[in-house]
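A look at the structure
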Amino acid sequence: MKFATKVIHAGIEPDPSTGAIMTPIFQTSTYVQSAPGENKGYEYARSQNPTRSVLEAALAAIENGKYGLCFGSGVAATDAVIKLLQPGDEVITGNDLYGGTYRLFNKVFAKFGIKFHYINMLDAASVAKYINQNTKLIWIETPTNPLMNIIDIVDISTLARKHKILTCVDNTFASPYLQNPLDLGADIVMHSATKYLGGHSDVIHGCLIMNDSDLREKLYFIQKSCGAVPGPQDCFLILRGIKTLHVRMQRHCENGEKIANFLRNHPKVAKVYWCGFQDHPGYAIAKKQMRGFGGMMSFEMKDQSAAELKRVLSSTKLFSLAESLGGIESMINHPATMTHASIPREERIKNGLSDALIRLSVGIEDVDDLISDLKEALG
Ligand SMILES: *Cc1c(COP(=O)(O)O)cnc(C)c1O
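Computed from a predicted model, the values in this text were never measured in an experiment.

Let us look at the site of the ligand. The local shell around the ligand holds 14 residues, among which Val75, Asp170, Ser192, Thr194 and Lys195 are the closest. With respect to the ligand, the backbone of Gly74 contributes an N or O atom lying 2.9 Å from an oxygen atom. One of the side-chain N or O atoms of Lys195 is found 2.7 Å from an oxygen atom in the ligand. When the free accessible area of the ligand is taken as 380 Å², the share hidden by the protein chains comes to 93%. Looking at the shell around the ligand, the elements with two or more residues in it are helix H3 (74-82) and strand E6 (188-192).

Under the defined criterion, the tally for this structure stands at twelve salt bridges. Here Glu217 makes a salt bridge to Arg216, at a shortest N to O gap of 3.0 Å. For the salt bridge of Arg348 with Asp355, the shortest nitrogen-to-oxygen distance reads 3.0 Å. Residue Arg348 is classed as buried on the basis of its relative accessible area of 6%. Of the residues examined, Asp355 reaches a relative accessible area of 27% and is grouped as partly exposed. One connected set of salt bridges, linked through shared partners, spans Arg345, Arg348 and Asp355.

Further remarks concern the sheet that holds strand E8 (residues 269-273). Each strand in a sheet pairs with another by means of backbone hydrogen bonds, the pair being arranged parallel or else antiparallel. With respect to topology, five strands assemble into an open sheet ordered E8-E9-E12-E11-E10, the strand pairing being mixed. At either margin of the open sheet sits one strand with a lone partner, and together these are E8 and strand E10 (320-321). By the bridge criterion, four bridges tie E8 to strand E9 (residues 296-301) in an arrangement that is antiparallel. By the bridge assignment for E9, Val272 is matched with Phe299. The strands that helix H10 (residues 245-264) touches are E8, E9 and strand E12 (358-361); relative to E9, the one it contacts most, it runs at about 10 degrees.

Let us look at the environment of Asn261. Note on placement: Asn261 falls in helix H10. Judged by its relative accessible area of 32%, Asn261 is partly exposed. A C-alpha to C-alpha distance of 8.7 Å links Asn261 and Val272, two positions eleven residues apart in sequence. Separated by 2.9 Å, the side chain of Asn261 and the backbone oxygen of Glu257 make a polar contact.

This next bit is on helix H12 (residues 306-315). In an α-helix, one full turn covers 3.6 residues, which means residues spaced three or four apart are oriented alike. Those residues of H12 not exposed but buried are Glu308, Leu309, Val312 and Leu313. Buried residues of H12, viewed axially, fall in a sector of 125 degrees; they line one side. In H12, the exposed positions angled more than 90 degrees off the buried face are occupied by Ala306, Ala307, Lys310 and Ser314. Where H12 is buried, its residues contact E9, E10, strand E11 (331-333), E12 and helix H14 (367-378).

All right, on to the state of the cysteines then. In the structure shown here, the tally under the stated rule is zero disulfides. As a non-bridged cysteine, Cys70 has Cys235 as the owner of its nearest cysteine sulfur, 5.0 Å distant. With a relative accessible area of 0%, Cys70 lands in the buried category.

Once that is clear, we can look at the nonpolar core. Within the largest apolar cluster, 66 residues are counted, with the highest numbers of intra-cluster contacts made by Leu197, Ile259, Leu263, Phe299, Ile358 and Leu360. Per element, the largest residue contribution to this core is seven residues, and it comes from H10.

This part is about the domain arrangement of the chain. A common measure of how large an interface is: the accessible area buried when the components associate. The domain boundaries assigned to the chain delineate domain 1 (3-242) and domain 2 (246-378). For domain 1 versus domain 2, the separation of C-alpha centres amounts to 26 Å. The partner domain 2 presents 43 residues to the 41 residues of domain 1 that form the contact. Across the pair Lys288 and Asp152 runs a salt bridge whose closest N-O atoms are separated by 2.9 Å. Of all the secondary-structure elements, those providing two or more residues to the side of domain 1 that touches domain 2 are helix H1 (3-9), helix H4 (99-109), helix H6 (153-162), helix H7 (175-178) and helix H9 (232-242). Considered class by class, the residues forming the side of domain 1 that touches domain 2 number 24 nonpolar, 14 polar and three charged.

Where H6 is concerned, the buried positions are Ile153, Ile156, Ser157, Leu159 and Ala160. Down the axis, H6 shows its buried residues gathered within 155 degrees of arc, on one side only. The distance from a side-chain oxygen at the start of H6 to the backbone nitrogen of Val154 is 3.2 Å, and the residue carrying that oxygen is Asp152. In the stretch just after H6, Lys164 is the one whose phi turns positive, near 55 degrees.

A few words on the packing of H3 against H4. Running from N to C, H3 and H4 point in directions that differ by 45 degrees, and their axes come no closer than 10 Å. Compared by their axis directions, H3 and H4 come out oblique. Considering how the two elements wind past one another, H3 and H4 form a crossing that is right-handed. Together, Val75, Thr78, Asp79 and Ile82 of H3 and Gly100, Thr101, Leu104, Phe105 and Phe109 of H4 make up the contact between the two elements. Here the contact of H3 with H4 is composed, by residue class, of five nonpolar, three polar and one charged.

Procedures and definitions
Residues numbered from 1 in each chain as written. Predicted model: local features only at pLDDT ≥ 70, side-chain atom pairs only at ≥ 80, totals over all residues. Heavy atoms only, no water. Near = heavy atom within 4 Å. Polar contact = N/O pair within 3.5 Å; in protein donor to acceptor, adjacent residues only side chain to side chain. Areas by Shrake-Rupley, 256 points an atom, 1.4 Å probe, with all protein chains shown as cover. Helix = DSSP H or I, 4+ residues; strand = E, 2+ residues; numbered from the N terminus. Salt bridge = Lys/Arg side-chain N within 4 Å of Asp/Glu carboxyl O. Buried < 20%, exposed > 50% of the residue type's maximum accessible area, 1.4 Å probe, protein only. Pairing = 2+ DSSP bridges. Contact = heavy atoms within 4.5 Å. Axes fitted to C-alpha atoms, helices over the stretch in contact; angles between N-to-C directions. Arc of directions from axis to C-beta. Disulfide = S-S within 2.5 Å. Core = buried A, V, L, I, M, F, W, Y, C linked by side-chain atoms within 4.5 Å. Domains from an automatic or database assignment. Nonpolar A, V, L, I, M, F, W, Y, C, P; charged D, E, K, R; others polar. Parallel < 35°, antiparallel > 145°, perpendicular 65-115°, else oblique. Left-handed = near helix turned anticlockwise from the far one by under 90°.

Shown next, in the form of C-alpha cells:
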C-alpha cells in the first residue's frame with residue numbers, strides 16, 4: 001500500500017459489533033469477563049483499549065514498523081524510552097533538542113543516575129567519541145527544533161548497531177510523510193502526535209513505533225505499569241487526523257518553501273534556517289533521508305533589539321503567537337522565552353539558539369495571505 005492509502009486504510013476495519021466504518025470511541029475503564037481470565041483480549045483499559053489498539057496499528061503501518069504504542073503525550077512516550085535504562089547508563093543526544101525533552105532528561109532522569117551527553121551530532125565521528133561501555137541509547141531529533149539542523153540517521157544508527165546501542169528518533173518535525181527512521185536503521189521512532197499527526201491543535205498525544213518484539217514487550221510493560229496512556233477520545237482524534245496527513249503535509253511543504261524564500265529575500269531578515277535551501281549545511285542529508293522539507297523554519301532579523309522583536313511577534317494576524325506546531329493554522333513562536341525557555345540561556349546561546357530567533361510553523365492557509373501577513377508584520 002502507498003502512503004496516501006495507508007493513512008486512510010491501514011489497521012482500520014469496520015467495527016465488528018456494528019459495522020461502523022469509523023473506529024468507535026470505546027469510553028470504558030474495564031471489560032466484562034465470562035469466567036475468571038476468559039476475555040476477548042481486553043481486561044482493563046490502562047492495559048488495552050480497542051480505539052487505542054486500532055491507532056497503534058495505524059501508526060505502525062505509516063512508519064513502516066510492526067508495533068505502535070500510544071501515550072498521553074510526546075514527553076510521556078520519551079519518558080517510556082528512558083525507563084528502558086538503568087542507573088549508570090549513558091545516553092548520547094543532540095545539543096539542540098526540543099526544550100521539553102531536554103528538561104525531562106536533565107531535570108528528571110539525571111537525578112536517577114542516567115548520564116546524558118548533549119553534543120553536536122552532525123557526524124557519526126563526533127558521536128563515536130562519546131561511546132563507552134555504559135552507552136545504551138542514542139536519541140536523535142532531526143530536523144532539530146528550532147534550528148532545523150539535519151542529523152544523518154543512517155550513519156548514526158549504523159554506528160549504534162555496531163556497539164549494540166539503541167537508537168530512537170524523534171520524528172515529530174518530519175512526520176512519517178517525509179521521513180521513516182525505521183527504514184533508515186533506527187530501533188524506535190517517537191512522535192509528539194500533538195503536532196502533525198493530530199494536525200488540528202486539539203489534542204495532546206504521543207507514540208512509539210518499533211519492529212523488534214522484545215523491545216515492544218519491554219515498552220508495553222512500561223506503558224501499562226507507568227500508566228501514561230491516552231484516553232480513547234484522544235486516540236480517535238489522532239486516527240481522524242492521520243487520514244489527511246498526506247494532503248496537509250503536501251501543502252505545509254509547498255507553503256513552507258514559498259515562505260522560506262520570501263523571508264530569505266526580505267531586506268529586514270538576516271538569516272533563515274530551513275533545510276530546503278541548497279546552501280543549508282544539512283541539505284544533502286535531508287535530500288537523502290527526507291521526501292520534502294516541511295513547513296517548519298526559523299529566522300533572525302537584522303534589527304535584533306527587544307523592542308523590534310516584540311513588535312514583530314505581536315503584530316502578525318494569521319500567524320498566531322503560540323507554542324506548539326504542526327497544526328493546519330500558522331504559528332509564530334519565540335523559542336528563547338516560549339518553547340525553549342527551560343534551557344539555560346548560556347547553553348542555548350552556545351548552541352546557536354539566539355534571543356533573536358523566531359520560529360514559524362507554516363500552516364495550510366492560502367500562502368499569499370500568509371506572505372502578506374508576514375510582510376505587514378516585518379514592515
Ligand atoms: C512537542 C514536541 C515534543 C513533546 O510532545 P508533547 O506532545 O508536547 O508532550 C517532543 N519533541 C518535539 C520535537 C516536539 O515538537
